Amino acid sequence: MTDFRDPGDRDTAMPRKGAARTAKLASLPLGIAGRAVGGWGKRLAGQSAEQVNATLSAKAAEQLFEVLGTLKGGAMKFGQALSVFEAAVPDDMAKPYREALTKLQAAAPPMSVRQTHRVLAEQLGRTWTSRFASFDDEPAAAASIGQVHRAVWHDGREVAVKVQYPGADEALRSDLRQLQRFSRLFQAFVPGTEVKPLLAELAERMNEELDYQAEAQHPRAFATAFDGDPGILVPRVVASAPKVVVTEWANGTPLSKVIADGDRETRNLAGRLLAEFHYSSPERVHLLHSDPHPGNFMITADERLCVIDFGGVARLPDGIPHHLGEMTRLALDGESADLMRLLRENRFIRPDSDLTADEVLAYLAPFTEPLAEPTFHFTRRWMQKQAWRVGDSRGNDFRVGRSLNLPPEYLMIHRVTAGSTGILCQLDAEIPARGIVERWQPGFAA
């Protein structure tokens, strides 16, 4: 890969070498963060532990996520993936971490103007400026492996120009290797969720996300499928290259702002549209948007959900598997024997497992509570309750959860659904979840 850096760019260049990035990750305050997170983990598990000191927690969180953010690449992407699970953290312990996590959704140090222009020249040609009527050198937003600039295309359309950081490929690979070493530390930030499979999944998507030209096929497919939809807006792709992609510009209120101070009506609207997008995409596009964090969504002035980043997408040529809907329905209806049979047939339960049908039903049924009534109010308290239930090492649900098997082909679906649910809880949204699932989830409707 061409190295676009020069002596004037060193302060903002993305650290590329594994040793340099490892040193930064190793600078994490492991002693401080370890003690704070350890106490948090014990509280999540219901064990006796002293209240985590607020000052200590705040300092640890600030340093931890500052390192993840400034490294960009896989470190920042991993931090963004963690951020959607913030709603699962007990309220009396979450405040020091909430702000630090939220910062990762839209912030990272920018490239220099010279670096940006060099990437554009290499990707769009030496006369790249002729393709734009105007180009704002100040980044409008930052992503994990690139930054976004506002511009006007030569035909007068306002556009967003995403430019990949030089060295992003090496940095991403290095990060995902090194983060494995810290998986135990990060585990406490996502109660009830395994960190190692999350990192493995990010690694699998790595090459695809690094090629913006390949990535551009995803928003093209989504834009076509949702063209004219009254509730969903996907900006169209204008031009693409391996390290640059240009899309139509869209204005709106970021979901992070709706979460922070949105009114009840806007929260419910955002939640409903997010659920519609999540559950309908596999049927309508045969793709699943797999990067659910608030930085990728906005609410437009005409009350649509705008989706602005498609770096992570799962291909589902046959849509969501029919039996997942069946399992959800059986768990909701309390049909433990049929649920157990279906779980065994689809390898969710190991052949040598001694789990009983009633134990499995008791573990899974609470997750279907949002579908028990026409509407459901997603709250942090509800998510915290689920996280505590499956994370309490003294409880039977903890044992059952550890004994269940999640086949690799369902990992992405499971994580995206959990992440979307986390955002719904952050939004404190009350939505018609049952009707949405009945319409779009094969196998669920009775």
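Residues numbered from 1 in each chain as written. Predicted model: local features only at pLDDT ≥ 70, side-chain atom pairs only at ≥ 80, totals over all residues. Heavy atoms only, no water.

Some thoughts on the overall build of the chain
Right, so step 1: When its secondary structure is counted, the chain shows 20 helices and 14 strands.
Right, so step 2: Taking all contacts inside the chain whose residues are at least 6 apart in sequence as the whole, residues at least 24 apart take part in 73%.
Right, so step 3: Only carbon and sulfur atoms are counted for the fraction: they give 51% of the accessible area of the chain, which is about 19,300 Å². (Helix = DSSP H or I, 4+ residues; strand = E, 2+ residues; numbered from the N terminus. Contact = heavy atoms within 4.5 Å. Areas by Shrake-Rupley, 256 points an atom, 1.4 Å probe, with all protein chains shown as cover.)

Quick notes on the packing of aromatic side chains
Right, so step 1: Evaluated as defined, the whole model comprises 14 aromatic pairs.
Right, so step 2: Aromatic side chains Phe 132 and Trp 153 sit 5.1 Å apart centroid to centroid with 90 degrees between the ring planes, which places their arrangement in the edge-to-face category. You can see Phe 132 sitting in strand S1 (residues 132-135) and its partner Trp 153 sitting in strand S3 (residues 146-153), a full 21 residues away along the chain. Taken as a pair, Phe 132 and Trp 153 share a single burial class, namely buried.
Right, so step 3: Arranged with centres 5.6 Å apart and planes meeting at 40 degrees, the rings of Phe 226 and Phe 277 form a pair that is tilted. Placement of Phe 226 in the loop between helix H11 (217-225) and strand S5 (232-233) and of Phe 277 in helix H13 (residues 264-284) is noted, with a sequence separation of 51 residues between them. Grouping residues by exposure puts Phe 226 and Phe 277 together as buried.
Right, so step 4: Each member of the aromatic cluster is reached from another via a ring pair, and the members are Phe 222, Phe 226, Phe 277, Phe 297 and Phe 310.
Right, so step 5: Stacked on the ring of Tyr 212, the Lys or Arg Lys 162 has its end atom at 4.8 Å from the ring centre.
Right, so step 6: Over the ring of Phe 444 we find Arg 329; its NZ or CZ atom is 4.4 Å from the centre of that ring. (Phe/Tyr/Trp six-rings, centres within 6.5 Å; stacked < 30°, edge-to-face > 60°. Buried < 20%, exposed > 50% of the residue type's maximum accessible area, 1.4 Å probe, protein only. Lys NZ or Arg CZ within 6 Å of the ring centre and 35° of its normal.)

A short note on the packing of helix H14 (residues 322-333) against helix H15 (residues 336-345)
Right, so step 1: At a minimum axis distance of 9 Å, the contact between H14 and H15 shows a crossing angle of 155 degrees. Here H14 is positioned roughly antiparallel relative to H15, judged by the angle of their axes. Both H14 and H15 take part in a crossing whose hand is left-handed. Contacts from His 323, Glu 326, Met 327, Leu 330 and Ala 331 of H14 reach H15 at Asp 338, Leu 339, Leu 342 and Leu 343.
Right, so step 2: Of the residues belonging to the contact of H14 with H15, the class tally is 6 nonpolar, 1 polar and 2 charged. (Axes fitted to C-alpha atoms, helices over the stretch in contact; angles between N-to-C directions. Parallel < 35°, antiparallel > 145°, perpendicular 65-115°, else oblique. Left-handed = near helix turned anticlockwise from the far one by under 90°. Nonpolar A, V, L, I, M, F, W, Y, C, P; charged D, E, K, R; others polar.)

A closer look at the pairing of strand S6 (residues 237-241)
Right, so step 1: Counted residue by residue, S6 has 5 buried out of 5 residues, so it is predominantly covered.
Right, so step 2: Inspection of the sheet shows S6 paired to strand S7 (residues 244-248) by 4 bridges, in the antiparallel sense. The residue bridging Val 237 from the neighbouring strand is Thr 247, located in S7.
Right, so step 3: From the end of S6 to the start of S7, which pair antiparallel, there are 2 residues. (Pairing = 2+ DSSP bridges.)

Quick look at the sheet that holds strand S11 (residues 305-307)
Right, so step 1: The strand order S5-S11-S10-S8 describes an open sheet built from 4 strands, whose pairing is mixed. Every interior strand has two partners, whereas the edge strands, S5 and strand S8 (253-254), have only one.
Right, so step 2: As paired strands, S8 and strand S10 (residues 297-299) are joined by 2 bridges and run antiparallel to one another. Counterpart to Pro 254 in the pairing with S10 is Met 298.

Digging into the confidence of the model for the chain
Right, so step 1: For the chain, the average pLDDT comes to 78, and 66% of its residues sit at 70 or higher.
Right, so step 2: The low-confidence segment residues 28-58, where pLDDT is below 50, has 63 contacts with residues more than four positions distant or belonging to other chains.
Right, so step 3: Per-residue pLDDT stays below 50 along residues 188-193; that stretch engages in 19 contacts with residues further than four places along the chain or on separate chains. (pLDDT = per-residue confidence, 0-100.)

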